[in-house]
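These are the residues of each chain, in order.
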Amino acid sequence: MTAPQITTSTKEEREQFIIDRFACKNDCDNCGNCALLHNRVAEKVYADYINGTRSFEEITMELRY
């Protein structure tokens, strides 16, 4: 699943991507989403991406360090 580019997507499309991408899978041992997000809400973590000010990749790389 590739993140929609800011230049070719709407805010709603980016928000839906984040909701779908980080939906709870009820499989904590195999998922890793909560660990990546440091137990924060995905829509808040990726708010800059949703609003079109930072790329999905930039925020994701920041979370990994």
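Right above here is the structure, for reference.
Chemist: Quick question: what am I supposed to make of the packing of aromatic side chains here?
Modeler: By convention here, two paired aromatic rings are described through the distance between centres and the angle between planes. This structure, assessed with the given rule, holds 4 aromatic pairs. Members of the aromatic cluster, connected to one another through ring pairs, are F17, F22, Y46, Y49 and F56. Note that R21 overlies the ring of F22, its terminal NZ or CZ placed 4.7 Å from the centroid.

Chemist: How should I be thinking about the side chain of N33 in this particular structure?
Modeler: With respect to the helices and strands, N33 occurs in helix α3 (residues 33-36). Among the residues examined, N33 registers a relative accessible area of 7% and is labelled buried. Apart from the residues lying within four places of it in its own chain, the contact partners of N33 are R21, F22, A23 and K25.

Chemist: I would appreciate a short explanation of unusual backbone geometry in the present structure.
Modeler: Peptide bonds are, in most cases, trans, and in most cases residues other than glycine have a negative phi. Even without being glycine, N26 reaches a positive phi, approximately 55 degrees. Note that N26 resides in the loop between α1 (11-21) and α2 (28-31). Look at N26 and you get exposed, because its relative accessible area is 70%. In this structure, H38 takes a positive phi of about 55 degrees despite not being glycine.

Chemist: For this particular structure, what's the right way to read α1?
Modeler: An α-helical turn contains 3.6 residues, so any two residues separated by three or four positions project in the same direction. Taken residue by residue, α1 has R14, F17 and I18 as its buried positions. Buried residues along α1 cover an arc of 95 degrees about the axis, so they all sit on one side. Those residues of α1 that are buried lie in contact with α4 (42-45), α5 (47-50) and α6 (56-63).

Chemist: How should the layout of surface pockets be read in this particular structure?
Modeler: Gaps between atoms show up when a probe of the same size as a water molecule is rolled over them. In this structure, the largest pocket spans a volume of roughly 190 Å³. In this structure, the largest pocket is lined by 15 residues; those nearest its centre are C24, C28, C31, N33 and C34. Top element by residues in the lining of the largest pocket is α3. It accounts for 3 residues.

Chemist: What should I look at first to understand the pattern of salt bridges in this one?
Modeler: Opposite charge on two side chains makes pairing possible when the charged atoms of those side chains draw close. Under the counting rule described, the total for this entry stands at 3 salt bridges. Notably, a salt bridge pairs R54 with E62, separated by 2.9 Å at the nearest N-O pair. Linked by salt bridges that have partners in common, D48, R54, E58 and E62 make up one network.

Rules used in this analysis
- Residues numbered from 1 in each chain as written.
- Predicted model: local features only at pLDDT ≥ 70, side-chain atom pairs only at ≥ 80, totals over all residues.
- Heavy atoms only, no water.
- Phe/Tyr/Trp six-rings, centres within 6.5 Å; stacked < 30°, edge-to-face > 60°.
- Lys NZ or Arg CZ within 6 Å of the ring centre and 35° of its normal.
- Helix = DSSP H or I, 4+ residues; strand = E, 2+ residues; numbered from the N terminus.
- Buried < 20%, exposed > 50% of the residue type's maximum accessible area, 1.4 Å probe, protein only.
- Contact = heavy atoms within 4.5 Å.
- Arc of directions from axis to C-beta.
- 1 Å grid on protein atoms, 1.4 Å probe; cavity = no way out; pocket = protein on both sides within 12 Å on 5 of 7 lines; lining within 4 Å.
- Points joined across faces, edges and corners; volume = space filled by probe spheres on them.
- Salt bridge = Lys/Arg side-chain N within 4 Å of Asp/Glu carboxyl O.

Any link to function would need more than the numbers given here.
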